[in-house]
Amino acid sequence: ATAEMVNGFKKEAAAKGWTVDVVDTAGDMGAFASRIEDVAATKPAGIVLVSVNPEQVQAQVDKAAAAGIPVVTIDGAKNKSVVTNVTSDNYVLGKTMSDFLFKAIGGKGNIVRFFHSAHPGVRQREIALDDALKANSAIKEVGKYYVQVPGEVEYSRTAMDSLLLANAGDGAINAVWAAWDEPGIGAKLAIDAAGRKGIVIAGIDGNPQAIDLIKGCTAYIGTVRQGFGDMAKIAADQLGKVIGGGKADKDELYAPVELITRESLGVKCN
């Protein structure tokens, strides 16, 4: 998802005649903060943060803003030193996926949650799940796992192994709620290895691998696709306005979302 947003922004920037330098510290936030300082010292026309909560690098973002460098976030969070955050309505993402998953198991049963509250958008998805659980008393959460990033597929596979052992037997777990697709993919690998049946999985983002799994009639039955290309375009357009001496339309803008299922893909499974 992050790569899609970065590549989408690069495409939009190229159309505007901009030069884009991409910095990737592979999840090392200390190195990330240091690189923001390095970049800000070169006085770029703008800085774009992708899939990062600006609070995690607040001091560096504040310095960039104070130096007159506009900072835009894509899939981040609103912030006093950020001109705009372009994202999805993450509560809507979480509610759409939760409602779909709950319906898929007939409105009753046991679920496990894979989450990452450090990301503000993901946290909103979790809040939507919490609200859905309150409204559906016949569905119980029997386990949860805070997913480490990066390496979420591998970590989630190992965690799901433990959750399956702790909840042995058919019906002990009916569904996996994954706050984004990679943990769901890891959970599927563990479920397949254990030979467990009757467990369905849904995630968020529209990861191509997740969509292939949905098409393949596996336990992965749905994902809510974010408009990553739309986010990149909106972010580039908003940054262009600011660079041109104007202001962003709002401090936070939403791109459209889409529920992807077997039905929406035209797939029939036995």
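If you're wondering where the values come from, they're calculated on a predicted model, not measured in any experiment.

Definitions and limits used
- Residues numbered from 1 in each chain as written.
- Predicted model: local features only at pLDDT ≥ 70, side-chain atom pairs only at ≥ 80, totals over all residues.
- Heavy atoms only, no water.
- Phe/Tyr/Trp six-rings, centres within 6.5 Å; stacked < 30°, edge-to-face > 60°.
- Buried < 20%, exposed > 50% of the residue type's maximum accessible area, 1.4 Å probe, protein only.
- Helix = DSSP H or I, 4+ residues; strand = E, 2+ residues; numbered from the N terminus.
- Lys NZ or Arg CZ within 6 Å of the ring centre and 35° of its normal.
- Disulfide = S-S within 2.5 Å.

Asker: What is the right way to look at the packing of aromatic side chains in this model?
Answerer: Geometry of an aromatic ring pair is reported as the spacing of the ring centres plus the angle between the planes. Scanning the entire structure with this criterion turns up three aromatic pairs. Each ring, one from Phe 9 and one from Trp 18, has its centre 6.3 Å from the other, and the planes form 40°; the classification is tilted. Residue class for Trp 18 comes out partly exposed when judged on its relative accessible area of 25%. Seen in terms of ring centroids, Phe 114 and Tyr 145 are 6.0 Å apart; in terms of plane orientation they differ by 65°. Their pairing is edge-to-face. Of this pair, Phe 114 sits in strand β4 (residues 109–115) while Tyr 145 sits in strand β5 (residues 139–146), and the two are 31 residues apart along the sequence. With a relative accessible area of 0%, Phe 114 lands in the buried category. Over the aromatic face of Trp 18 sits the side chain of Lys 16, whose NZ or CZ is 5.9 Å from the ring centroid. Between the NZ or CZ atom of Lys 144 and the centre of the ring of Phe 115, over which it lies, the distance is 5.9 Å.

Asker: Help me understand the state of the cysteines in this model?
Answerer: A covalent bond bridging the sulfur atoms of two cysteines is what the word disulfide describes. Taken as a whole and judged by the stated rule, the model has one disulfide. Covalently, Cys 217 is tied to Cys 269 through a disulfide, its sulfur atoms 1.9 Å apart. Taking the torsion about the S-S bond as the criterion, the Cys 217 to Cys 269 disulfide, at about -80°, is left-handed. Within this pair, whereas Cys 217 is found in the loop between α8 (208–215) and β8 (220–226), its partner Cys 269 is found in the segment after β10 (257–261), the two being separated by 52 residues in sequence. Under the relative-accessibility criterion, Cys 269 is labelled partly exposed at 26%.

Keep in mind these numbers describe shape, not what the thing actually does.
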